[in-house]
Amino acid sequence: ETAVFQTPNYHVTQVGNEVSFNCKQTLGHDTMYWYKQDSKKLLKIMFSYNNKQLIVNETVPRRFSPQSSDKAHLNLRIKSVEPEDSAVYLCASSLRGLYEQYFGPGTRLTVL
Amino acid sequence: GDSVTQTEGQVALSEEDFLTIHCNYSASGYPALFWYVQYPGEGPQFLFRASRDKEKGSSRGFEATYDKGTTSFHLRKASVQESDSAVYYCALGEASSGSWQLIFGSGTQLTVMP
């Protein structure tokens, strides 16, 4: 049963546009994450957000920013997309201090 | 920086074959080690983890033992099924402000033929 929800499933856009992806978890977790999975299936952490504390992977370009309204939601905004941003973006959540992270199904972004 | 190496990009087996996927890590500290599995169209799913030397993690017939001496956490299963076909990721995690920052290996595509 899906407990981490992501919308949209797919998004196609042009270079330079702004996009925003939504993530919601219904597990009562207090930490959420965004990962990028490229065409070779490589998975890299982008952000984690816990109790209003944001941890950023230093390799993430500044045009990416997470946005949270409460601990159940963590959206991802990309200010001006570039072709190398084409990937699947995966949202995940976990409970503080526990090991397991639960992933959503992902949003596939294609930049033309 | 910390890293995880999975040597097999693809593994093709027949049902009931023995599976080994190799995972080696490089870390300055004493990380926790994880295996995740990803089926087509889904996000990765946690399989199991180990957090200290010689600890064995296991789930759904898969197992791996944390070996600090050889810096390894190899995934094994005695008898694979077609339903095990998926991408398997080894990961290391370091605790940071109460959450786990995971560094994933490059993944191994397992295909099991009937």
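Small disclaimer: the values here were computed from a predicted structure and weren't measured.

S.K.: Is there a simple way to explain the interface of chain B and chain A in this structure?
M.R.: When the parts of a complex come together, some accessible area is lost, and that lost area is often taken as the interface size. Chain B puts 21 residues into the contact, and the matching count from chain A is 23 residues. Buried area between chain B and chain A, summed over both chains or domains, comes out near 1900 Å², and the portion from carbon and sulfur atoms is 54%. At the junction of chain B with chain A, the criterion picks out zero salt bridges. Inspection of the region where chain B meets chain A yields six residue pairs in polar contact (both at pLDDT 80 or more). Listed by contribution, the elements that provide at least two residues to the side of chain B that touches chain A are strand E5 (32-38), strand E6 (45-50), strand E10 (86-96) and strand E11 (99-104) of chain B. If one sorts the elements of the side of chain B that touches chain A by residue count, E11(B) sits on top with five residues. Split by residue class, the side of chain B that touches chain A holds nine nonpolar, 10 polar and two charged.

S.K.: Which parts of the structure should I look at to understand the pairing of strand E3 (residues 19-25) of chain A?
M.R.: One face of the sheet, then the other: side chains in a regular strand alternate in exactly this way. Residues and elements named next belong to chain A. A one-sided burial pattern is seen for E3, the buried positions being Val19, Phe21, Cys23 and Gln25 and the unburied ones Ser20, Asn22 and Lys24. Sheet topology places strand E1 (residues 4-7) next to E3; four bridges connect them, and they run antiparallel. Residue Val4 lies in a different strand from E3, and its bridge partner there is Gln25. Pairing geometry for E3 and strand E8 (residues 73-78), over four bridges, is antiparallel.

S.K.: What is the right way to read the sheet that holds strand E3 (residues 19-21) of chain B from this model?
M.R.: Residue and element names in this part refer to chain B. The sheet built from four strands is open, its strands ordered E3-E9-E8-E7 with antiparallel pairing. Across the chains shown, the open sheet's two edge strands, defined by having one partner strand only, are E3 and strand E7 (56-59). This sheet shows a mean twist of 20° between the axes of neighbouring strands, independent of strand direction. Across two bridges, strand E8 (residues 62-65) lies against strand E9 (residues 75-77) in antiparallel orientation. By the bridge assignment, Glu63 is partnered in E9 with Arg76.

S.K.: Could you clarify how one ought to interpret the pairing of E8(B) in this entry?
M.R.: Residues and elements named next belong to chain B. Here E8 shows a buried face lined by Phe62 and Ala64 and an unburied face lined by Glu63 and Thr65. Looking at chain direction, E7 and E8 are connected through four bridges and run antiparallel. Residue Ser58 lies in a different strand from E8, and its bridge partner there is Glu63. Turn length for the E7-E8 hairpin, with the two strands adjacent in sequence and antiparallel, is two residues, and the turn residue Arg60 shows positive phi of about 55°.

Reading the values: the criteria
- Every chain is numbered independently, its residues counted from 1 as its sequence is written.
- Here the convention is simple: chains get letters from A, ligands get numbers from 1, in the order in which they are written.
- The predicted origin of the model limits local features to residues at a pLDDT of at least 70 and limits the giving and counting of side-chain atom pairs to 80 or more, whereas totals for whole chains, interfaces and linings rest on all residues.
- Side-chain numbers here rest on the full set of heavy atoms in the structure, without hydrogens or water.
- Two residues form a contact once any of their heavy atoms are found within 4.5 Å.
- For any pair of parts, buried area is found by adding up, for both, the accessible area (1.4 Å probe) each one loses once the two are put together.
- What makes a salt bridge here is a side-chain nitrogen of Lys or Arg within 4 Å of a carboxyl oxygen of Asp or Glu, nothing more.
- Pairing of N or O atoms within 3.5 Å defines a polar contact, subject to two protein rules: one partner must be a possible hydrogen donor and the other a possible acceptor, and residues neighboring in sequence count only if both atoms are side-chain atoms.
- Each helix corresponds to a stretch of at least 4 residues labelled H or I by DSSP, and each strand to a stretch of at least 2 residues labelled E; elements are numbered beginning at the N terminus.
- By the convention adopted, Pro, Cys, Tyr, Trp, Phe, Met, Ile, Leu, Val and Ala count as nonpolar, Lys, Arg, Asp and Glu as charged, and the other residues, Gly among them, as polar.
- Buried, partly exposed and exposed residues are distinguished by accessible area as a fraction of the type maximum, computed with a 1.4 Å probe on protein chains only: under 20%, between the cut-offs, and over 50%, respectively.
- Pairs of strands are assigned from DSSP output, requiring at least two bridges between the strands.
- Helix axes are fitted to C-alpha atoms over the stretch in contact, other axes to C-alpha atoms as well, and angles between N-to-C directions run from 0 to 180 degrees.

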